[in-house]
Amino acid sequence: MERLLLERLHHHLSPTSSSSSPLRFTRSLAIARALMANPDSSDATRRSTADALVRALADHGSDASFLRGALYFLGEAAALHPSLAPAVLSAVRSFLDGPDRLAADALAALAALAALAAIARSSSMGFSLVASVLDGDLVLSLVRSSSVAVRSRILDLLVSSIYKSRGSVILGHNCLFRVFLALTVDLYPSLRIAAIDGLIALCKEIGADADGLIVRCCYTRAVELLKDEDELVRSAAVRLVSSCGELFRVGAKGTDSSEQMELIFVQLCSMARDMSKKVRIEAFDALGNVKDVSESALLQSLSKKVLGNRSGSKIVSKCEKETKLSFSRAAGTFIHGIEDEHHEVRAVTCKSLGMLAIFSVRFADEALSLLMDMLNDDAEVVRLQTLETIFLMATYDHLKVQEKHMHMFLGLLADISALVRTAARKSLRLMKLPNLEIFKLVIDGLITNLETNPEEEEDIFYVLFFVGKNHRKFSAKLAKDLAKEIKPSSGEMTLDNPRISAMLVVSISSSFPDKKYTCDIPAVIFSYAATLLGRISCALQDVIHRMHFWPIYVVTVDAFFGQNIRF
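Residues numbered from 1 in each chain as written. Predicted model: local features only at pLDDT ≥ 70, side-chain atom pairs only at ≥ 80, totals over all residues. Heavy atoms only, no water.

Per an unreviewed UniProt entry, the protein is named Protein SIEL, and its organism is Ananas comosus var. bracteatus.

Mind laying out the packing of aromatic side chains, listing which residues take part and the relevant values?
All told, the structure shown has six aromatic pairs when counted by the stated rule. Taking 6.3 Å as the distance between ring centres and 70 degrees as the angle between the ring planes, the aromatic pair formed by Phe334 and Phe363 counts as edge-to-face. With Phe334 in helix α17 (residues 333-338) and Phe363 in helix α19 (residues 361-374), this residue pair connects regions lying 29 residues apart in the sequence. Both residues of the pair, Phe334 and Phe363, count as buried. Feature note: the residues Phe284, Phe334 and Phe363 constitute an aromatic cluster, connected by ring pairs. (Phe/Tyr/Trp six-rings, centres within 6.5 Å; stacked < 30°, edge-to-face > 60°. Helix = DSSP H or I, 4+ residues; strand = E, 2+ residues; numbered from the N terminus. Buried < 20%, exposed > 50% of the residue type's maximum accessible area, 1.4 Å probe, protein only.)

So what about the pattern of salt bridges? Which residues, and what values?
Going through the model one piece at a time under the given rule, you end up with 25 salt bridges. We note a salt bridge from Lys277 to Glu344, for which the minimum N-O separation is 3.7 Å. A residue pair is termed long-range when its members are at least 10 positions apart, and Lys277 in helix α15 (residues 277-287) and Glu344 in helix α18 (residues 343-357) qualify at 67 residues. Here Arg383 makes a salt bridge to Asp415, at a shortest N to O gap of 3.1 Å. Separated by 32 residues along the polypeptide, Arg383 in helix α20 (residues 380-395) and Asp415 in the loop between α21 (403-410) and α22 (418-428) bring together distant segments of the chain. According to the relative accessible area criterion, Arg383 is buried, its value standing at 8%. With a relative accessible area of 11%, Asp415 lands in the buried category. (Salt bridge = Lys/Arg side-chain N within 4 Å of Asp/Glu carboxyl O.)

Explain the packing of α21 against helix α23 (residues 436-452) residue by residue, including any values.
The axes of two packed helices give the description: the angle between them and the distance between them. The N-to-C vectors of α21 and α23 enclose an angle of 5 degrees; their axes lie 11 Å apart at closest approach. Of the possible angle classes, the one that applies to α21 and α23 is roughly parallel. When α21 is examined against α23, the residues Glu403, Met406, His407 and Leu410 are found in contact with a partner set consisting of Ile438, Leu441 and Val442. When grouped by side-chain class, the residues that make up the contact of α21 with α23 number five nonpolar, one polar and one charged. (Axes fitted to C-alpha atoms, helices over the stretch in contact; angles between N-to-C directions. Parallel < 35°, antiparallel > 145°, perpendicular 65-115°, else oblique. Contact = heavy atoms within 4.5 Å. Nonpolar A, V, L, I, M, F, W, Y, C, P; charged D, E, K, R; others polar.)

In structure tokens, the structure reads:
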């Protein structure tokens, strides 16, 4: 069968074949694909198939449809069968110097080779094969091509080589910087975007080892592109400004970040007011990644009123004297963000507030007031992101709640969305409550939550337990108050009552994980809590083992009943 198919392939590809060109070329490629894809085909058969197609490239150079299909197929074949790569790459290389149309097809074949080789073996191996036919002069020639298709495909190939091969194996970093910088002013927006993405990839790849002059050149070009007429180019430029800022911050060779980070922060604040929703989203996302910014700049972004004595000052970078931004242009940036008409912008604004709140307690305090307004947002995604931000602030101990905040926050426990209710309880678990009144307010809110949504008992018990454990004095006081309610003459107490079960969970929580705290809890509490032990253990199974607090129960019950009790 292999021999018969090979004979048919040679017949269809023969220059003297009488068959009509479109039909025979279609048949020849179908036969070649069948021979290559058949797992039982021998290496000799695959090699003969590839050789036949390589010869046909020269014999039928005038047929554009055949050349396009044959080149792409050979690229795939070389990726899947490395032994064919030398012959295939040699054939493809000759078309890179040819007409633009054929050069674009040859680049598509190389891209297919690199992509499939990355899947079959490793990314670096695929791009190493491509690098063997692309030298620096040829790449620069292709980049200067008048054909959009050629420029686009060589650019995509260069960018992919950075993302997928852990470093460029086609050109050196400095050469790639020059190529990408040149293409950032291309006539076509898609090419400008791809070139910017290439610069971002290089910045991430090189990191602090990047040459300071190159970083400044990238930054200067990014600032220029912030004014591009295309919204997607401006969005990409925002990402590049952010990447350059990270290099300035980590101290790329020859750079000084003393004033640069504030300049970048103000520039991003300015872009957060762009007419395009996509640009605003990128700008707020980038603002959340800015580090080493002064507290005064952060606070200014929360207030529409220009603060302090810096209202008339200008932030000017030493190497960017033409870039002069008034400090006041950062005023009220995040207020505009949370008031944006698009929920995507409001969500990313909340996320950035949380990222920046990590670095300043004062900023976190003032941002909290803005975040509380977002808890009533119509969009569920915004409410969820706001709660995630509050949780992040609590994680870094930068969350200071007040009673005026707590009423609004506890309202989310009655939210229609189960995801929102869960996120609200997640934040409550880490909150530091300043006084007993707010503590009781939280417990009452969780009890109401349990009464309304009994199916969420496990998660509610989990939160109640940790809220009590994190506020031992308050939970111990609550336990003593509960003990007074429990009187032998009052008859049998029903533990199915959500309030009683919740209060028992809070009461015993302060004894975890140290036995010494059991003396603060009336022993009668443990006698009633014994019947809830299984439900509590189930709620806490992902954090603790039930045996962790079992000894506490045994010791206390022994003392209370005056006998050894084991279950």
